[in-house]
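Residue-level structural notes
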Amino acid sequence: MRYFLEFAYNGTHYHGWQLQPDAISVQEVLTKAISTLLRTPIELVGAGRTDAGVHAKQMYAHFDHELPFDKDSLVQRMNSFLPEDIVIYNIHTVADDAHARFDATARTYEYHIHQYKDAFCNAGSYYHFRPLNVELMNQAAQILFEYEDFECFSKTHTDVFTFNCTIYKAHWDILPDNRLVFTISANRFLRNMVRAIVGTLVNVGHEKITLDDFRTIIESKDRGKAGFSVPGKGLYLTQVSYPYL
């Protein structure tokens, strides 16, 4: 039978989701835990990859297991077994051909920026003290809806069949404590795409580039023309959507 594991993690101490030959990853820790508790080798297939230091408030991975087990009990046992920065929320029974990566219809990310020195924000937010024109940043974010090809925001030398993505949501919010949160949702994302978009929007907020410049950057399909890649610690995968969950 096939199951979806629903979980979250603080990515501070991990080299991303995906297994790495010489660095600790979330996939490695989870695979070891579930294989140990089910007493058989388990392969986890994630809904996608996150880079080093990036967090996930909701993530899924599928696995197959033929022997019956109590799902609620396994959730509790895994949460006792795992380190405190990884938490299991649920285990869902799904169809045998369900796929955590390919069946996802949308993914949503948040990027957090704080503009004042705060000893308690640094692990999960990007400290950027220079003033930003958030109204202009939101106007630029709306320009994203005019395009589908986002090669300019993709990590170079990436093996993908297309740079096209459909963006469903993109906006900045100012929270009551003056923190900034950028929310973006799309059917798929390219490697480093959200961090590059945020870095370019920050340049808009500094009024280093205009709205017309932002359009020109997208149309150039050139990563070298886009903005800097903001640090991974401010990025959160917040939702992965499926038609059957």
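The residue count restarts for each chain, going from 1 along the sequence in the order it is written. Totals for whole chains, interfaces and linings use every residue, but because this is a predicted model, local features are given only for residues with pLDDT of at least 70 and side-chain atom pairs only at 80 or more, for both listing and counting. The side-chain values count all of the structure's non-hydrogen atoms but skip hydrogen atoms and water molecules.

Right, let's talk about the packing of helix 4 (residues 193–205) against helix 5 (residues 211–220) for a bit. With axes taken as lines fitted to C-alpha atoms, and helix axes fitted only over the stretch in contact, angles between N-to-C directions fall between 0 and 180 degrees. Put simply, DSSP marks the helices as runs of H or I at least four residues long and the strands as runs of E at least two long, and each gets a number from the N terminus on. Between helix 4 and helix 5, the least distance of the axes is 10 Å, while the angle of their chain directions is 155°. The orientation of helix 4 relative to helix 5 falls into the category roughly antiparallel. The handedness of the crossing between helix 4 and helix 5 comes out as right-handed. Judged by residue contacts, T200, L201 and V204 of helix 4 engage L211, F214 and I217 from helix 5. Of the residues contributing to the contact of helix 4 with helix 5, the split by class is five nonpolar, one polar and no charged. Here the word oblique covers every angle except those under 35 degrees (roughly parallel), over 145 (roughly antiparallel) and from 65 to 115 (roughly perpendicular). If you view the pair so one helix is near and one far, a crossing is left-handed when the near helix is turned anticlockwise from the far one by less than a right angle, and right-handed when it is turned clockwise. Two residues form a contact once any of their heavy atoms are found within 4.5 Å. For this scheme, ten residues count as nonpolar: Ala, Val, Leu, Ile, Met, Phe, Trp, Tyr, Cys and Pro. Four count as charged, namely Asp, Glu, Lys and Arg, and the remainder, Gly too, count as polar.

Turning our eyes to something else, we now look at the environment of R2. Looking at the secondary structure, you find R2 in strand 1 (residues 2–9). The spacing of R2 and H62 is 60 residues in sequence and 6.9 Å in space, taken between C-alpha atoms. If near-sequence neighbours (up to four positions away) are discounted, R2 is found in contact with H62, F63, D64, H92, T93, V94, A95, D96, D97 and A98. Polar contacts here mean pairs of N or O atoms no more than 3.5 Å apart (in protein, one a potential hydrogen donor and the other a potential acceptor; neighbouring residues in sequence count only if both atoms are side-chain atoms). Of the polar contacts made by the side chain of R2, one reaches the side chain of D64; its length is 2.7 Å.

The next point concerns the environment of D97. With respect to the helices and strands, D97 occurs in the loop between strand 4 (86–94) and strand 5 (106–114). A C-alpha to C-alpha distance of 9.6 Å links D97 and M1, two positions 96 residues apart in sequence.

What follows deals with the packing of aromatic side chains. How two aromatic rings sit relative to each other is set out by the distance from centre to centre and by the angle between their planes. Two rings belonging to Phe, Tyr or Trp (six-membered ring only in the last case) form a pair when the distance between their centres is within 6.5 Å. Interplanar angles under 30 degrees mark stacking, angles over 60 mark edge-to-face geometry, and anything in between is tilted. Taken as a whole, this structure holds 15 aromatic pairs when the rule is applied. On the basis of an interplanar angle of 70° and a centroid distance of 5.2 Å, the ring pair of F4 and Y242 is categorised as edge-to-face. Remark: Y242 occurs in the segment after strand 9 (235–241) and F4 occurs in strand 1; sequence separation between them is 238 residues. You'll find F4 and Y242 in the same group, each marked buried. Where F4 meets Y244, the ring centres are 5.9 Å apart and the plane angle is 70°; that geometry is what we call edge-to-face. Residue exposure (1.4 Å probe, protein chains only): buried if accessible area is under 20% of the type maximum, exposed if over 50%, otherwise partly exposed.

Attention now moves to helix 1 (residues 26–38). Counted at 1.5 Å a residue, the expected span for helix 1 with its 13 residues is 18 Å, and the 18 Å between its end C-alpha atoms agrees. Where helix 1 is concerned, the buried positions are V26, Q27, V29, L30, T31, A33, I34, S35, L37 and L38. Those residues of helix 1 hidden inside the fold are in contact with strand 1, strand 3 (55–64), helix 2 (71–81) and strand 4. Among the residues trailing helix 1, R39 stands out with phi positive, at a value near 60°. One less than the number of residues in a helix, times 1.5 Å, gives the span that helix is expected to have.

The sites that UniProt annotates as "active site" (unreviewed entry) are D51. Relative to the elements of secondary structure, D51 occurs in the loop between strand 2 (45–46) and strand 3. A relative accessible area of 23% places D51 in the partly exposed class. Contacts of D51, omitting those with residues within four sequence positions, involve G16, R191, N192 and R195. UniProt positions are given in the numbering used here, feature names are shortened, and annotations may be inferred rather than shown by experiment.

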